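# Structure assessment
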Amino acid sequence: MQNKEKLDILRHSAAHLMAQAISQLYPTTKLTLGPPTAEGFFYDCQPQEENFKEHDLPLIEERMHELAKQDIPITHKQISKEEARKIFHDNPFKLEMIDLIPDETVGLAEQGEFKDLCRGGHVDSTSEIKNFKLLNISGSYWRADRNGTPLQRLSGTAFFTEKELEAYLQRLEDLKQYDHRRLGKQMELFSFHEEGPGFPFFLPKGRIVYNIMMDYMRKILRKYDHEEISTPGMLSVELWKQSGHYDHYKENMYFSEIDEKEFAIKPMNCPGSILVYKERPRSYRELPLRLAELGYMHRHELSGVLNGLFRVRSFLMDDAHIYCTSDQIESEVLSLITMINEVLNKFGFDNVDIALSTRPEKAMGTDEMWENAEKSLSEALNKSGIKYKIQEGDGAFYGPKIDFKIKDSMDREWQCSTIQVDFNNPENFDLSYINSEGKKERPVMIHRAIYGSFERFYGIILEHYKGNFPFWLAPVQVQVLTITDAANSYAKNIAAELKKADIRVKLDDSSDQISGKIKAAQLAKVPWMLIIGKKEEQNNTVSVRYQNGKQEQGLSLEKVIEKAHELNKY
Ligand SMILES: [Zn+2]
Ligand SMILES: [Zn+2]
């Protein structure tokens, strides 16, 4: 048996154990269903008196531990529906389930006095359920029907070992503690206001990080021979009709009017890029033409799905459109794969999961176009030497694509980067180039993004680093702290020298206690603290305290600047 199956059995048994505890403590509660989930288990029930509250969980958990200690055997057998109806006569949910089961008989699980309607798949005894934790109470509906009977869902998790359980609970704690919305507030990086729901505000410190992400991206664009353009935030509705956005994406677009003509605020950068391509006839000598745009766009998202920087209504996309011949797809894609990996590695994402999505059932373009493009993409992936999987039929109707999934420090997967081949837009906008024989030909268009949305990527790296930005990204890189007022003028000079060396420095020469100053710098998650006292002034040195608590004393300022410059490279 697979580990996953074994874990499901354990977790489902834990759900039974919770149900047994509930039926002993709150005997009138009507139980419905208790399946295992990817992260644990739950049981949906309908309390007859008071609703369950958070403070009931420890009580239920305690009873579960008692029942586990009693080492009660868990048995399972098939019984007739008639018998089952007798057992569950006062539970309308179970009666409904019995009616829905197509077989003659139904399964009955028993542990001590507790009986449950169940298909089976349990551990042998309650004593095998040791490492569990009840986590929360939420609302649900009978048979997941929003118009159906409201229920309460009690959820928890269970593992085979205490170590696994503890690691999981620590991860939940981390996710809460390092939620980017919380860190954003604590570190004064960004904010949201009622006046602009879903539209993030970047504060001075937060904008520094944003700008470095931008600088770094521009450096990468130069390295990989992209040319940067910018196109307007508003363009006429006619263009969006031609691109198909008006027909298929209207609900997510904002509209406005200029001189009684209808305009749309751009939800994507592609049509603007296409207008640049079409400005004049293009020759094969110009291809591949790599037009990058750090384009700011707006998309209407429902208020219910807005989620910090992860889901916003306005964002910057590091977009590029590459116009090339079909023979150039492979080398272009290979270069893009290298480019994307370089960027993701720079942010500490080494674990990249790559998928190639191929032709779906409904697709435009000829067989030849698809075969050539899919072959080019897989050849590029093979040459890159990176492992990838193939998602048959998962491509867009207008071309195959490659998706990159990263895994963050808290084990979550995110899809950010993507390379998308497009046969549709060149057709739709009648794009052409003059080939070496002087004849008109249609180019292929490749869309690609690396960060994807800057805002979302920002939220992801903030959580990935748990707020501890590496030196090159940190809004304040060095905080100079004085131990006594007597060191203020020496400290001021140090800070001035660091600033001159282009290091982002902040001086804390307040009269607070040094312990308080250290605490403040820690909360702001500044990578280096330079602690300055009498001794440092006398010896003309500084002491550095790093983010991880390590300290170095008696360093010359030159040495510190040299080290900072080394770390500042990107
Ligand atoms: Zn069961
Ligand atoms: Zn595009």
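Right, let's walk through the structure included here. (Residues numbered from 1 in each chain as written. Chains lettered and ligands numbered in written order. Predicted model: local features only at pLDDT ≥ 70, side-chain atom pairs only at ≥ 80, totals over all residues. Heavy atoms only, no water.)

## Points about the side chain of His12
Within the secondary structure layout, His12 lies in helix 1 (residues 3–25). A distance of 2.9 Å separates a polar atom in the side chain of His12 from the backbone oxygen of Gly34. Other than its neighbours up to four places away in sequence, His12 contacts Gly34, Pro35, Pro36, Cys118, Gly121 and His122. (Helix = DSSP H or I, 4+ residues; strand = E, 2+ residues; numbered from the N terminus. Polar contact = N/O pair within 3.5 Å; in protein donor to acceptor, adjacent residues only side chain to side chain. Contact = heavy atoms within 4.5 Å.)

## Focus: the coordination of the zinc ion (ligand 2)
Donor atoms from the polypeptide that coordinate the zinc ion (ligand 2) comprise Cys270 (SG), His321 (NE2) and His447 (ND1), at 2.0 to 2.3 Å from the metal. Read from N- to C-terminus, the donor residues coordinating the zinc ion (ligand 2) fall into the pattern C-x50-H-x125-H. Here Cys270, found in helix 10 (residues 270–277), pairs with His447, found in strand 22 (residues 444–453); they are 177 residues apart in sequence, far enough to count as distant. Pair check on accessibility: Cys270 and His447 agree, each one buried. (Donors = N, O, S within 2.8 Å, 3.2 Å for Na, K, Ca; no water. Buried < 20%, exposed > 50% of the residue type's maximum accessible area, 1.4 Å probe, protein only.)

## Looking at the sheet that holds strand 26 (residues 542–546)
Spatially, 24-23-25-26-27 is the arrangement adopted by the 5 strands of the open sheet, whose pairing is mixed. Of all the strands in the sheet, the pair left with one neighbour each is strand 24 (505–508) and strand 27 (551–555). Averaged over all pairs of adjacent strands, the angle between strand axes in this sheet comes to 20 degrees, irrespective of strand direction. Across 5 bridges, the pairing between strand 23 (residues 478–482) and strand 25 (residues 528–532) is parallel. (Pairing = 2+ DSSP bridges. Axes fitted to C-alpha atoms, helices over the stretch in contact; angles between N-to-C directions.)

## Looking at the pairing of strand 24
Relative to strand 24, strand 23 runs parallel, the two being bridged by 4 bridges. When the sheet's bridge partners are listed, Val480 is paired in strand 24 with Leu507. Following the chain from strand 23 across helix 15 (residues 488–500) to the adjacent parallel strand 24, one finds a crossover that is right-handed. (Right-handed = clockwise from strand over helix to strand, strands pointing away.)

## Observations regarding the coordination of the zinc ion (ligand 1)
Listed as protein donors to the zinc ion (ligand 1) are His12 (NE2), His16 (NE2), Cys118 (SG) and His122 (NE2); their distances from the metal cover 1.9 to 2.1 Å. What the 4 donor atoms of the zinc ion (ligand 1) show is an angle range of 99 to 126 degrees at the metal, which sorts the shape as tetrahedral. For the zinc ion (ligand 1), the donor residues sit on a single chain with the sequence spacing H-x3-H-x101-C-x3-H. Residue His16 is located in helix 1, and its partner His122 is located in the loop between strand 5 (114–117) and strand 6 (131–141); the two are separated by 106 residues in the primary sequence. (Tetrahedral: all angles 85-135°; square planar, octahedral: opposite > 155°, others 65-115°.)

## Details of helix 18 (residues 557–567)
Taken together, the buried positions of helix 18 are Leu557, Val560, Ile561 and Ala564. Angularly, the buried residues of helix 18 cover 95 degrees about the axis, an arc narrow enough to put them on a single face. Along helix 18, the residues that are exposed and aim more than 90 degrees away from the buried face are Glu558, Glu562 and Glu566. Buried positions along helix 18 lie against helix 15, strand 25, strand 26 and strand 27. (Arc of directions from axis to C-beta.)

## Some points on the packing of helix 7 (residues 204–223) against helix 14 (residues 454–464)
Orientation of helix 7 relative to helix 14, taken along the N-to-C sense of each, is 110 degrees, at an axis distance of 11 Å. If you check the angle between helix 7 and helix 14, you find them roughly perpendicular. The two elements helix 7 and helix 14 meet at a crossing, and its hand is right-handed. Contacts between helix 7 and helix 14 involve Gly206, Val209, Tyr210, Met213 and Met214 on the former and, on the latter, Phe454, Glu455, Phe457, Tyr458 and Ile461. Tallied by class, the residues present in the contact of helix 7 with helix 14 amount to 8 nonpolar, 1 polar and 1 charged. (Parallel < 35°, antiparallel > 145°, perpendicular 65-115°, else oblique. Left-handed = near helix turned anticlockwise from the far one by under 90°. Nonpolar A, V, L, I, M, F, W, Y, C, P; charged D, E, K, R; others polar.)

## Focus: unusual backbone geometry
With an omega dihedral of -5 degrees, the bond running from Leu287 to Pro288 counts as a cis peptide bond. Mapped onto the fold, Pro288 is located in the loop between helix 10 and strand 14 (289–298). One non-glycine residue, Glu260, lies in positive phi territory at about 65 degrees. Mapped onto the fold, Glu260 is located in the loop between strand 12 (254–258) and strand 13 (261–265).

## Re the sheet that holds strand 13
One open sheet accounts for 3 strands, arranged 11-13-12; its pairing is antiparallel. The strands lining the two open edges of the sheet, one partner per strand, are strand 11 (234–236) and strand 12. Averaged over all pairs of adjacent strands, the angle between their axes in this sheet comes to 40 degrees, without regard to strand direction. Here 3 bridges tie strand 11 to strand 13, and the two strands are oriented antiparallel to one another. The residue bridging Met234 from the neighbouring strand is Ile265, located in strand 13.

## Let's talk about the environment of Glu497
Here Glu497 is to be found in helix 15. Here Glu497 is in contact with Leu557 and Ile561, once residues within four sequence places are set aside.

## A short note on the packing of aromatic side chains
Taken as a whole, this structure holds 29 aromatic pairs when the rule is applied. Taken together, a centroid distance of 6.2 Å and an interplanar angle of 85 degrees make the contact between Phe190 and Tyr458 edge-to-face. One end of the pair, Phe190, is in strand 8 (residues 190–191); the other, Tyr458, is in helix 14, with 268 residues separating them in the sequence. Accessibility expressed as a relative area gives 0% for Tyr458, which makes it buried. (Phe/Tyr/Trp six-rings, centres within 6.5 Å; stacked < 30°, edge-to-face > 60°.)

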